[in-house]
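Architecture at a glance
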4 protein chains.
Amino acid sequence: MKSGQAKQNPGELCDTVAHTPAAAAASSFATSNLADPRAVKSGQALRAAMLTLLERKPLEQITIREIAAAAGVHYATFFRHHPTKESLLDDVAADQIDRLVELTLPVLDAVDWHASFLALATYVDEHRKLWTVLLTGGAAGAMRAELLRVSQQVAVNRALQDNIIPVELAVICTVGLIVEIVSWWLRQPEGVVSVDQVARILHRVVLPSTVQSALEEREAGGAR
Amino acid sequence: MKSGQAKQNPGELCDTVAHTPAAAAASSFATSNLADPRAVKSGQALRAAMLTLLERKPLEQITIREIAAAAGVHYATFFRHHPTKESLLDDVAADQIDRLVELTLPVLDAVDWHASFLALATYVDEHRKLWTVLLTGGAAGAMRAELLRVSQQVAVNRALQDNIIPVELAVICTVGLIVEIVSWWLRQPEGVVSVDQVARILHRVVLPSTVQSALEEREAGGAR
Amino acid sequence: MKSGQAKQNPGELCDTVAHTPAAAAASSFATSNLADPRAVKSGQALRAAMLTLLERKPLEQITIREIAAAAGVHYATFFRHHPTKESLLDDVAADQIDRLVELTLPVLDAVDWHASFLALATYVDEHRKLWTVLLTGGAAGAMRAELLRVSQQVAVNRALQDNIIPVELAVICTVGLIVEIVSWWLRQPEGVVSVDQVARILHRVVLPSTVQSALEEREAGGAR
Amino acid sequence: MKSGQAKQNPGELCDTVAHTPAAAAASSFATSNLADPRAVKSGQALRAAMLTLLERKPLEQITIREIAAAAGVHYATFFRHHPTKESLLDDVAADQIDRLVELTLPVLDAVDWHASFLALATYVDEHRKLWTVLLTGGAAGAMRAELLRVSQQVAVNRALQDNIIPVELAVICTVGLIVEIVSWWLRQPEGVVSVDQVARILHRVVLPSTVQSALEEREAGGAR
DNA sequence: CTCTAATCGAGACGGTACGTCGCGTCTTACG
DNA sequence: CGTAAGACGCGACGTACCGTCTCGATTAGAG
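Nothing here was measured: the structure is a model prediction, and the numbers come from that model.

1. Description of the overall build of chain A
Tallying secondary structure elements over chain A gives ten helices and zero strands in all. Going from the N terminus to the C terminus, chain A shows its helices and strands as α-α-α-α-α-α-α-α-α-α. Every one of the 224 residues in chain A was classed for burial, and the buried ones make up 36%. For chain A, long-range pairs separated by at least 24 residues make up 72% of all intrachain contacts whose partners lie at least 6 apart in sequence.

2. A few points about the nonpolar core
The biggest cluster of nonpolar side chains holds 104 residues, and the ones touching the most others in it are Ile-181 and Leu-202 of chain C together with Ile-181 and Leu-202 of chain D. The residues contacting Leu-202 of chain C, other than those within four sequence positions of it, are Phe-117, Ala-121, Ile-178 and Ile-181 of chain C.

3. A short note on the relation of the copies chain B and chain A
Superposing chain B onto chain A takes a rotation of 180° plus a shift of 0.2 Å along the axis, which leaves an RMSD of 0.2 Å. Classification of the inter-copy transformation places it as that of a two-fold axis. The C-alpha atom lying nearest the rotation axis in chain B is that of Ser-209 of chain B; the distance is 2.3 Å.

4. Topic: the protein's contact with DNA strand F
Neighbouring DNA strand F are 45 residues, the closest being His-74 and Ala-76 of chain A together with Ser-42, His-74 and Thr-77 of chain C. Each residue belonging to the surface near DNA strand F can be placed in one class, and the counts come to 17 nonpolar, 17 polar and eleven charged.

5. Details of the interface of chain B and chain A
Between chain B and chain A, the residue contacts involve 23 residues of the former and 25 residues of the latter. Where the side of chain B that touches chain A is concerned, the elements lending two or more residues are α9 (167-187) and α10 (195-223) of chain B. A total of nine residues in the side of chain B that touches chain A trace back to one element, the largest contributor, which is α10 of chain B. Residue composition of the side of chain B that touches chain A, grouped by class: twelve nonpolar, seven polar and four charged.

6. Describing the domain arrangement of chain A
Residue and element names in this part refer to chain A. The domain architecture assigned to chain A consists of domain 1 (18-83) and domain 2 (89-223). Across the contact, 14 residues belong to domain 1 and nine residues belong to domain 2. Tallied by class, the residues present in the side of domain 1 that touches domain 2 amount to six nonpolar, four polar and four charged.

7. Considering the environment of Thr-122 of chain B
With respect to the helices, strands and loops of the structure, Thr-122 of chain B is situated in helix α6 (residues 113-126). In this structure, the C-alpha to C-alpha distance between Thr-122 of chain B and Thr-52 of chain B, residues 70 residues apart in sequence, is 23 Å.

8. Focus: the relation of the copies chain C and chain D
For the match of chain C to chain D, the screw axis carries a shift of 0.2 Å, the RMSD comes to 0.2 Å, and the turn is 180°. Taken as a fraction of all interface residues of chain C, those also at the interface in chain D reach 92%, which identifies the copy contact as same-surface.

9. Describing the interface of chain C and chain D
With 24 residues of chain C at the contact, the number on the chain D side is 23 residues. Secondary structure elements with two or more residues in the side of chain C that touches chain D: α9 (167-187) and α10 (195-223) of chain C. With nine residues, α10 of chain C is the single largest residue contributor to the side of chain C that touches chain D. Among the residues making up the side of chain C that touches chain D, the classes are represented as 13 nonpolar, seven polar and four charged.

10. A closer look at the packing of helix α8 (residues 140-158) of chain C against α9 of chain C
All names here are of chain C. Interaxial distance between α8 and α9 falls to 10 Å at its minimum, and their mutual angle equals 140°. What the angle tells us is that α8 and α9 run oblique. Where α8 crosses over α9, the handedness of that crossing is right-handed. Contacts between α8 and α9 involve Ala-140, Arg-144, Leu-147, Leu-148, Ser-151, Gln-152 and Ala-155 from the former and Val-167, Glu-168, Val-171, Ile-172, Val-175, Val-179 and Ser-183 from the latter. Per-class residue counts for the contact of α8 with α9 are nine nonpolar, three polar and two charged.

11. Re the confidence of the model for chain A
Per-residue confidence for chain A gives a mean pLDDT of 77; residues scoring 70 or more make up 74%. In the model, residues 1-33 of chain A has pLDDT below 50 throughout and makes 41 contacts with residues more than four positions away in sequence or in other chains.

12. Looking at the environment of Asn-163 of chain D
Along the chain, the position of Asn-163 of chain D falls in the loop between α8 (140-158) and α9 (167-187). As a C-alpha pair, Asn-163 of chain D and Arg-200 of chain D span 37 residues in sequence and 27 Å in three-dimensional space.

13. Let's talk about α9 of chain D
Relative to the 30 Å expected for 21 residues at 1.5 Å per residue, α9 of chain D spans 30 Å between its end C-alpha atoms, a close match to the ideal helical length. In terms of residue burial, α9 of chain D counts as a mostly covered element, since 16 of its 21 residues are buried.

14. A look at the packing of helix α7 (residues 128-136) of chain B against α9 of chain B
Residues and elements named next belong to chain B. Relative to each other, α7 and α9 sit at 120°, their axes nearing to 9 Å. In terms of axis orientation, α7 runs oblique to α9. Once α7 is placed against α9, the crossing between them reads as left-handed. Packed against α7, whose contacting residues are Arg-128, Trp-131, Thr-132, Leu-135 and Thr-136, the element α9 presents Val-179, Val-182, Ser-183, Leu-186 and Arg-187 at the interface. Looking at side-chain class alone, the contact of α7 with α9 contains five nonpolar, three polar and two charged residues.

15. A short note on the environment of Ala-76 of chain B
As for its placement among the helices and strands, Ala-76 of chain B is situated in helix α3 (residues 75-81). Through-space distance from the C-alpha of Ala-76 of chain B to that of Val-154 of chain B is 37 Å; in sequence the pair is 78 residues apart.

Cut-offs used in this document
- Residues numbered from 1 in each chain as written.
- Chains lettered and ligands numbered in written order.
- Predicted model: local features only at pLDDT ≥ 70, side-chain atom pairs only at ≥ 80, totals over all residues.
- Helix = DSSP H or I, 4+ residues; strand = E, 2+ residues; numbered from the N terminus.
- Buried ≥ 20, exposed ≤ 12 C-beta atoms within 10 Å, placed from the backbone.
- Contact = placed C-beta atoms within 7 Å.
- Core = buried A, V, L, I, M, F, W, Y, C linked by C-beta atoms within 7 Å.
- Least-squares fit on C-alpha atoms with pLDDT ≥ 70 in both.
- Near = placed C-beta within 6 Å.
- Nonpolar A, V, L, I, M, F, W, Y, C, P; charged D, E, K, R; others polar.
- Domains from an automatic or database assignment.
- Axes fitted to C-alpha atoms, helices over the stretch in contact; angles between N-to-C directions.
- Parallel < 35°, antiparallel > 145°, perpendicular 65-115°, else oblique.
- Left-handed = near helix turned anticlockwise from the far one by under 90°.
- pLDDT = per-residue confidence, 0-100.
- Expected span 1.5 Å × (residues − 1).

Given below as C-alpha cells:
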C-alpha cells in the first residue's frame, strides 16, 4: 500500500452516507443544495470513470488521479465530490446494493424461494456488466461488507429462530454463499450458465445451509 | 496471497508444532544454503512483528517500515527476506494453512463428518490467538484466497460429482462457509461458543449446502 | 530516471537550457507560463541553499536532501524544480557563465588585450563571492567544462590559424589558463592581489602561450 | 562516524601513502609483512580491474562491487586491500605519477627544454594506454591534483623568481598546461600527433606562458 | 608433514541517499 | 461559487552501495 495513512476503513464502504431513498438527495459528499449543472456533470463523469477503471484493476490499484483524469476532471475537483475513492465507489454502488438487498432479503423468509432466487439472478443478469465490475473487480470486498451490513440490519426483525445457529451467523453464511455463487457466475463466460441454472444452484446451496434446518425446527416445534 | 516460494523454516510461529525430523537429513545440497543464524533471527523477528501488527490493523494499513521497526530490523533488511509484505504474511501463514487444509479437506469425503469438523475446530481452538489474527485481522482476504487455492488443487481429484453444482463452485462454497463460520467464532469472546458447538454448526451448515445433495445423488445413482 | 546510475555526464552542466538572455524568461526547468509565487520562492531558496553549501563542500558531497533542508523545502519538491543537483547548479551559474564568456571570448581576437583582461577581472571582482563559490568550491569542474564548451563553440569561427597548435587545443589551453589564474586569485585573501595585477598576470601568461605565436605567424605570413 | 559519507577528499588521491620507492614495500594498505601469494594475486586482479573499468567510465560511476566482480574477487576482499576505491587508484597510479614528475619538474629549470619535453612525451607515449586511462578517464581530476601537489612540493626550492607571477601560480599554470596538452594528445587517435609534435607544442605553449618571462627578467637583472 | 594462522568466498546487516509516487491541502486565476 | 492548474509538505516505496561483521572452507608457511 502506498501513502494511505489517512484512511480508516479502506476495505469497507463508507458508512457515513445515508442509503435510504429518503436521504438520497443529500447523500452526496459536498454537493450544495443548489445543484450546479457543472457539479452534476463532474459527478457523473467521476462515477463513469470509476466503473471504467474498475473493469481493469482492483480498487486499491486505482488512484484518484487516474479517476480524475479518466473523468476529464481536475484532480482537486475529485475531493469536492468525495473524500476518498471508497466514497465514490459507495456513491456508484449504493443504489445497486439497496435494490439487490430488497431482492435478497426476502430469500430469508419468502414463501416461494425459487421465485426469489430467480428474481435475484434475473436482476443481476440484467445489469451483468455493472455487477461483474462490482463483484469480481476491486470492489468485491467492499460490496460484500456493505451487503452484509445492510442484511444484518434488516434480518434482525424477521429472522427465523434456530437453536443452534445464531441469526447473525446465519445471515453471514447466507450472504456469503450468495455472493460467492453470484461472483462465480459472473466470472464464467456469459451464456455458459443460465439465469435459471444459477437460481437452481442458489436454491440448492443456500437453502439447506441455514434456512431449511430452521424451517424444520419450526415445524417440529409447531407439531409438538 | 502471492508468492509460492518454499521456505526452509516454516514452523517457527510462536506456539506451533514440532519440526519434522525428516528435514534434518537433507545435508547434500543444503550445505550452501545453510541458514545464517543472523538471517534466521531476523526472519523470526519479522514474522513475530507481522503477527503483532496484524492484531491491530489490516494488512494494507501496515507499512513495511512499521514491520521492520517492530522487528528491530533495518528497513532494507526486510527486502532481503521478502519482496513484499504479502510474502511475509505468506511465510507466516503458509504452514498453518497447509496443516488446516489437511484437516479441512477430509471434510469433503471423510466418512465421519462430525469427527472431521471436530478435529478442525479443535485445531483452531488450540491456536486460537494465531488464527484470530489470521482470520479476523488484516490477513483475512489473503488467508481465504490461499485456503481456496490449496483446496481447489486437492479437490480436483477426490471431489464428488454433482449434476448441478460444479466442483469448483462447491469448493468455493465449502471453503467460504468454513471460513465465515470460523471467523465468526473467533470474533466471539473466548468460551462463549465451545469447540463442540462450532463443530455442530459446521456440520449443520456446511454439510447440507453442497455435500449432502451430492451424496444423495450418488445413492440415487447407485440404487439405479 | 531511476536510482542514480543513469546519469551520463554527472560532471557537466546541462546543455539543454537556453542561455541567451532572450530565452531567459522561459528557461526554467518546469516553469509554466504562469509563475506561481510559491514556486518562485522555492526556486530562490534552492539556489541560495546551493550556493551556501558550495561554500563548504564540493558538489558531489552535497546531497539533495541537504539542499532541500537548507532551503527549507521538502525533499520531493527539489525534483519539481530540477532533475539533478547539477541542473540546479546550472540554473545558478548559467547566466554568470554566459556573461563571463562574453568577456572572455574577445580576449582571443580583441585588439586591446589588456582592456579585455581588465574587463574580465573587473567583472569577476564585482561578483567575487559568487565566483569564489563557483570556481573554488565544488562546482569548479562543471564550470570549467561548461566554459570550455561554450568557448569551443564560439572559437570555431574567429580563431587564428596556427601551424603547430590546433585551434581546439589553443582554446583548451587558453580557457584552462584563465580558469587556473582566476581560481588562484579567488583563493587568495581579498585585497592581496588587485584587479589590475590579475589583469597583468593574465596578459603575461595567457597571451604568450597561444596567441602571440599565432600573431607572429600571421605577421610573418603577411610580410611574405 | 558511520558508513559512506566518511570520505573527505573524494576527488584527490590519498596522500597518506609514501610514494618513495624505499617505502614501496610497506605502502600497501593491509598487507602483512609476509606477502601471501593469494593476496598478491588479488591485489593484481584489483588493479587490473580498476584500469579496465576506468577505460569505460569515470571513477565516481565505478562501484567497489563492480571492481571486485571484474577482478573475480569477493566484494569484502576489496576492503582487505584498500579502504576506498580512491586508494586503489592511488596504488595503481602513484608510481606513474612519481616517474612523470621526475620528468616534468626539470622542465622548470632544465637547460635543454626541448629535451625535457621530448623525454616527457616519449615516456607518456611508451605507456600510452595507461596514461590515456589515467588522464582522460575518470581519474583525471585526481591525477591533476596529485601531480600539482607533488610539483608544488618540489618547486618551492628550485623555482625562478618572477616579479609579477608568484611561484605557486606559475606551477599551477605550468602543470595545468602540460596536463591539458597531454590529455588532449591522448584523446586524439593514436599516430595522428607524433611524440615530436607534442614536444614542440609543449615547448611553444608552456615555455612562453611562465618560464620565458622569468628568464628574460633574470637576464635583464643580470645585465643590469 | 602436520598444524596454525592468514586469506578467501559468501552474504547478512545497519545505514544513507536515491528518485518516484500518490496523497490531501492549499493558492491563484478564470469564467 | 465551481473549476482548472498545479505547487507543496508529507511519507512510503523499492533500489543501490556503502563499509562492517561473522562464518566456515581453503591454503599457505612455520614448526
